[in-house]
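Overview (structure and organization)
Listed here are the chains, written in short residue letters.
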Amino acid sequence: MRKYFTDQLIPTVYALMALAFLYTPIIVLMVMGFNESRYNTLPFSFSLEWYSALAKNEVLINAAINSFVLALITALICVVLATMFVLGMKTLSRSMEGLFRSLIMMPMSIPWLILALSMLLFIRFLDLDKNMFFVVAGHVVISLPYAMLSLQARIQALDPALEEMSASLGASALSTFRRITVPALAPAIVAGGFLAFMISFDNFAISYFLIPAGTSTLPIEIQSSIKFGFTPEINAISTVIIGVSLLCLAIVGLIMGSSIENMIGGKKK
Amino acid sequence: MKKKKKLLTFPSIIVLTVFAILPLIIMLVYSFQSDSGSSGVTLENYTNFFLKSVYLKLTYRTIINSLAVTIISLIISYPLAYFMAKKFKGLKNIVMILILIPFFTNQLVRVYSWLIFLQDGGVLNSFLQSVGLIEGSLGILFTQGAVVIGLVHAFFPYMVITIYLALERVDNSLLEASSSLGASKVRTFFQVVLPLSMPGVVTGIMIVFVPCLGTFVEPRILGGVNGTVIGTVIEDQFFEIYGWNFGAAIAFVLFAMVIISMTGLSRIGRRYDNE
């Protein structure tokens, strides 16, 4: 009986409490998106009013499209950069490899506020106007470490003998790359791209400081609505974002479950 | 061939150098220039910061807030990670997935969700009123408390993962050995499990404390006028006051705090790793 308490009941209740803390506000937000009240208050009466308002809200929809395109471009650049890096990484000397890797991982540990400001000052130093080029550059800098994590985990698990075998069987360097290396890395490329996409899509700090006037992304729109008065349309768009993210996460998870697990270290030995 | 392959690493390095290192250097240069327009190198931004009690108080508050977030996160995360690693069997993966999912929800969406949840007259308010715990309004939004809640919510899942990974590596046979040698469960925990999981705890502290120092979104939205911290002061310098050079200097003070806490913590972490 006592063992049941310490091994089952207490841990389960504790986990449920932690999960309740994690999910309650998000669930409330979703539910209130279907509530008639303009101020996100009870009582609850079902209404699709905010969703139909959202469908007509061009500002929010454009911002969402901007965020999507920005994240897509960022993810593509990050995946290309990260793949090239991990392929070349093995030829570097040990100390060089360490130095390069810590340089690439650096944006994970510096507050993005600082990176955003320094880029803003950089633009001013160059005497340029804010432009999308620097927004993309900033997004690449902060998303690259995540794409890199995914690819590094995979390439370390890749058996170099495979490439050697392919070469010794007479395959050209190009066809070894195309037939062996790329397929072996593919799951990590997709997972890394997905991570980079999410980091960029979510990012507020970099976009907020660097985006040219007149353009906006979804996080920026949400922030300015919070500042200048919001309606549950924000709940509606949030619910849509969460839904789409979960769908993507589920798809990516199903296809490359194991490589995501490798990445967070679950199976590292 | 080898030379050519080495070239593949360069694009990433060039991007980081041009768009991260170079801007930081330029920011450092700006921080030694005056906002009043006079040219030449000056320390006035830094002396302004360190001699005005307002800024020292804000620095202190930023550190205290980040510590509070870290400690509360630790209290939530350690038991949860322990239960996941040592008690749950089938449940483990489900809990892990549920902990990971919020990583993929937008930061601003989460802040916004706390804003409407905690607001006076909001859902939590109505709930507490109906069960008779409070009368009138909740009054928690726009306080430091609300900021801490929002930040714990944003960061504690990272800590659960780092601690879980460390605990997972603790060999169960060690626990059996300890108990068969007569140690109580409590003693086994404090003398075997806890020390072995310390690298994960230290990484977890780093992954929560350091980003907390630089937040400005949660303090601004959930703390309102009471939420001022270093991050929001820096934001104001750039968006409201246009004291860019002073802003650059404060950003470097923040940067220094980040570097100091990271080196300190990783030194502590290494000590546990060697044991």
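Sequence positions are assigned chain by chain, starting from 1 and proceeding in written order. Each chain takes a letter, starting from A, and each ligand takes a number, starting from 1, following the order in which they are written. For a predicted model such as this one, the threshold for reporting local features is a pLDDT of at least 70, and the threshold for listing and counting side-chain atom pairs is 80 or more; totals across whole chains, interfaces and linings nevertheless cover every residue.

**Considering the overall build of chain B**
Numbering of helices and strands runs from the N terminus; a helix is a DSSP stretch of H or I covering at least four residues, while a strand is a stretch of E covering at least two. Summing up its helical and strand segments, chain B has 13 helices and zero strands in all. The linear arrangement of helices and strands in chain B, starting from the amino end, is α-α-α-α-α-α-α-α-α-α-α-α-α. By its C-alpha atoms, chain B is 75 × 70 × 40 Å across when sized along the principal axes. A total of 275 residues make up chain B; the buried ones form 44% of that total. Exposure classes come from backbone-placed C-beta atoms, where a residue is buried if 20 or more other C-beta atoms lie within 10 Å of its own, exposed if 12 or fewer do, and partly exposed in between.

**Comments concerning helix α5 (residues 112-125) of chain A**
Residues and elements named next belong to chain A. Any helix carries an expected span of 1.5 Å times its number of residues minus one. Its 14 residues place the ends of α5 20 Å apart at the C-alpha level, agreeing with the 20 Å of an ideal helix rising 1.5 Å per residue. Most of α5 sits inside the fold, with eleven of its 14 residues counted as buried. Taken residue by residue, α5 has Trp112, Leu113, Ile114, Leu115, Ala116, Leu117, Ser118, Met119, Leu120, Leu121 and Phe122 as its buried positions. Phi turns positive, to about 60°, at aspartate 127, one or two residues after α5.

**Quick look at the confidence of the model for chain B**
Residues and elements named next belong to chain B. The score called pLDDT rates the predictor's confidence residue by residue, from a low of 0 to a high of 100. The pLDDT averaged across chain B works out to 86; a share of 97% of its residues lies at or above 70. By mean pLDDT, the top-scoring element of chain B is helix α4 (residues 53-87) (92), and the lowest-scoring one is helix α1 (residues 2-7) (73). Across the interface, the model reports ipTM at 0.87; the global pTM reads 0.87.

**Examining unusual backbone geometry**
A positive phi angle, close to 60°, is found at aspartate 127 of chain A, a residue other than glycine. Tracing the chain through its elements places aspartate 127 of chain A in the loop between α5 and α6 (132-157). Phi at phenylalanine 142 of chain B takes a positive value of approximately 65°, unusual for a residue other than glycine. Note on placement: phenylalanine 142 of chain B falls in the loop between α7 (123-130) and α8 (144-168). On the neighbour-count criterion, phenylalanine 142 of chain B (19 C-beta atoms within 10 Å) is partly exposed.

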